Every structure is written in C-alpha cells, then in structure tokens.
Amino acid sequence: AQSVTQLDSHVSVSEGTPVLLRCNYSSSYSPSLFWYVQHPNKGLQLLLKYTSAATLVKGINGFEAEFKKSETSFHLTKPSAHMSDAAEYFCAINDMRFGAGTRLTVKP
Amino acid sequence: SAVISQKPSRDICQRGTSLTIQCQVDSQVTMMFWYRQQPGQSLTLIATANQGSEATYESGFVIDKFPISRPNLTFSTLTVSNMSPEDSSIYLCSVEAQGYEQYFGPGTRLTVT
C-alpha cells in the first residue's frame, strides 16, 4: 500500500522568510504526488503535482516541490512567505491517500 | 479542470435521521470520490463511485451507513444514515483528472445534535 507522512503538524514562519513543509512517501513503485492547500472554510485547491516528469515541480503562488527518490521525499517550499499563505497544506499520493496535514502560520 | 458543486453546503440534523448530499460535476467523469474531514483533521476516503457499478468502500465504511448512488457521469449522492454526533464532519466529493490530480467540491458541513 502507498502512503504519505507529513512530518510537521504545524509550521510557523515570519512574513518574507522561506517556507518548508515536509512530506515523505512510501510506495513500491514510482508514485504520483500532490500538494493541496485548504484555506479556512474553503475547499481544497491543487498547488502542484509530480507525475514522473521533471523532479522539480513548480506550482501556483510561487510554491515548488522536489521529488527525491533516494530520500522518498516530496517537500514543498516557497522562497518568501506571504500572509495569504496561512492555510492547511496536504500532501497526497495517487491512490487518493492524504497526509495528516501541516498548518502553516505566517507572522507579520 | 472541473467545477464541482455540492448541496447542501451545511446542515444541522437530529441523531437517528439521514441526510443525502448531492455532488454535481460540470463534465463527464468516470470516477467520483467521497471523503470525510473531521474537524481539524485530514481527509479520509469513504468510497469510490463508478457510474454503472456499486461503490467501493474503504475499510471502516459500510454501505448500510453510507449508501452511494451514481446514476450518471456527472452526478452522485452520499447518504449518511442513522446519524450520531460522531458523524459531524465535512463531507467532500471529488473527481480525478487525467493527470491524476483531484478537483474537490466546496464540502458539506454536517452537525449532528
């Protein structure tokens, strides 16, 4: 069975500083991996996806993620956090399984 | 992309009653998915609904409690039966795109009293 593990339940950064949200995966074959964002009282929106093409994937709103097979990781990054990035972030794998989520707080 | 709507957006129900949630997609899709998201938690897959066949339920979810209909390629319903306060949650439907990403409806916020 495939699974994803989000290593941090809560990440807090200051506005303008880098964001790192960590996700490890477990799969017996090369998976498709996704990051979704959920703002308070809103639906889930796809940020980016990896489907075995380029290992560095760029998404919306300045986010990107790098697929590292040797580390079984798919961490989400952004160079400079904005207040509007405060939300819940979910890593997912291609059999519809989601990680536990990481709540991102951005301090002014 | 796909645009998905859900009805109702929220409801407050008495324990022991049932609620049917509707999910409408603006394009034809093969598979639709139903998730539950309990307060402050991640998404848990309830079942996968293919048009023309019975839904496939995940471990811990049964058809008697969560019957699903899929009458055509753009519509599905999920019923939460004989509700208890533990069923209070957000229920989401989604569809899978060709690139395996999912598009989600806005969710139905259910409170059982």
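Cut-offs applied
Every chain begins its residue count from 1, and numbering advances along the sequence as written. Here the convention is simple: chains get letters from A, ligands get numbers from 1, in the order in which they are written. Totals for whole chains, interfaces and linings use every residue, but because this is a predicted model, local features are given only for residues with pLDDT of at least 70 and side-chain atom pairs only at 80 or more, for both listing and counting. Derived side-chain values reflect all non-hydrogen atoms in the structure, with water molecules and hydrogen atoms excluded from consideration. Residue contacts are counted whenever heavy atoms from the two residues lie within 4.5 Å of one another. Buried area: the accessible surface (1.4 Å probe) lost by two parts on joining, summed over both. Identification of polar contacts relies on pairs of N or O atoms within 3.5 Å, with a donor-acceptor requirement for protein atoms, meaning one able to donate a hydrogen and the other able to accept it, and with residues adjacent in sequence counted only if both atoms are side-chain atoms. For the purposes of this entry, the term helix denotes a DSSP run of H or I that reaches at least four residues, the term strand denotes a run of E that reaches at least two, and both are numbered from the N terminus. Lys, Arg, Asp and Glu make up the charged group, whereas Ala, Val, Leu, Ile, Met, Phe, Trp, Tyr, Cys and Pro make up the nonpolar group; the residues left over, Gly among them, are polar. What counts as a disulfide here is a pair of cysteine sulfur atoms lying within 2.5 Å. Partly exposed describes any residue whose relative accessible area lies between the buried limit of under 20% and the exposed limit of over 50%, with all areas from a 1.4 Å probe on protein chains only and scaled to the type maximum. The pairing criterion is simple: DSSP has to find at least two bridges between the two strands.

1. With respect to the interface of chain B and chain A
And then number 1: In this assembly, 17 residues from chain B lie in contact with 16 residues from chain A.
And then number 2: With both sides pooled, the region where chain B packs onto chain A buries about 1,400 Å², and carbon together with sulfur makes up 56% of that total.
And then number 3: Of all residues in chain B, S42(B), E101(B) and F104(B) bury the most surface against chain A, accounting for 29% of the area lost on that side.
And then number 4: At the junction of chain B and chain A, the tally comes to six residue pairs in polar contact (both at pLDDT 80 or more).
And then number 5: At the level of elements, β4 (31-37), β5 (43-50), β9 (89-96) and β10 (102-104) of chain B are the ones that each hand at least two residues to the side of chain B that touches chain A.
And then number 6: Taken together, the residues of the side of chain B that touches chain A sort by class into seven nonpolar, six polar and four charged.

2. Section: the state of the cysteines
And then number 1: Within this structure, the stated rule accounts for two disulfides over all chains.
And then number 2: Between the sulfur atoms of C23(A) and its disulfide partner C91(A) the distance amounts to 2.0 Å. Across the S-S bond of C23(A) and C91(A) the torsion is about -65°, and the bridge reads as left-handed. Of the two residues, C23(A) is situated in strand β4 (residues 23-26) and C91(A) in strand β10 (residues 87-93); the sequence distance between them amounts to 68 residues. Accessibility classification places C23(A) together with C91(A) in one group, the buried group.
And then number 3: Covalent S-S linkage joins C23(B) and C93(B), the inter-sulfur distance amounting to 1.9 Å. Judged by the torsion about the S-S bond (75°), the C23(B)/C93(B) disulfide is right-handed. Of the two residues, C23(B) sits in strand β3 (residues 19-25) while C93(B) sits in strand β9, which places them 70 residues apart along the sequence. For the pair shown, C23(B) and C93(B) are each scored as buried.

3. As for the pairing of β4(B)
Residues and elements named next belong to chain B.
And then number 1: Burial analysis of β4 places six of its seven residues in the buried class, the great majority of the element.
And then number 2: With seven bridges joining them, β4 and β5 adopt antiparallel strand pairing. Within β5, the position partnered with R36 by the bridge is T44.
And then number 3: Connecting β4 to the next strand, β5, in antiparallel fashion are five residues, including G40 with a positive phi near 70°.
And then number 4: Bridge count between β4 and β9: six bridges; the pairing is antiparallel. When the bridges of β9 are listed, R36 appears paired with Y91.

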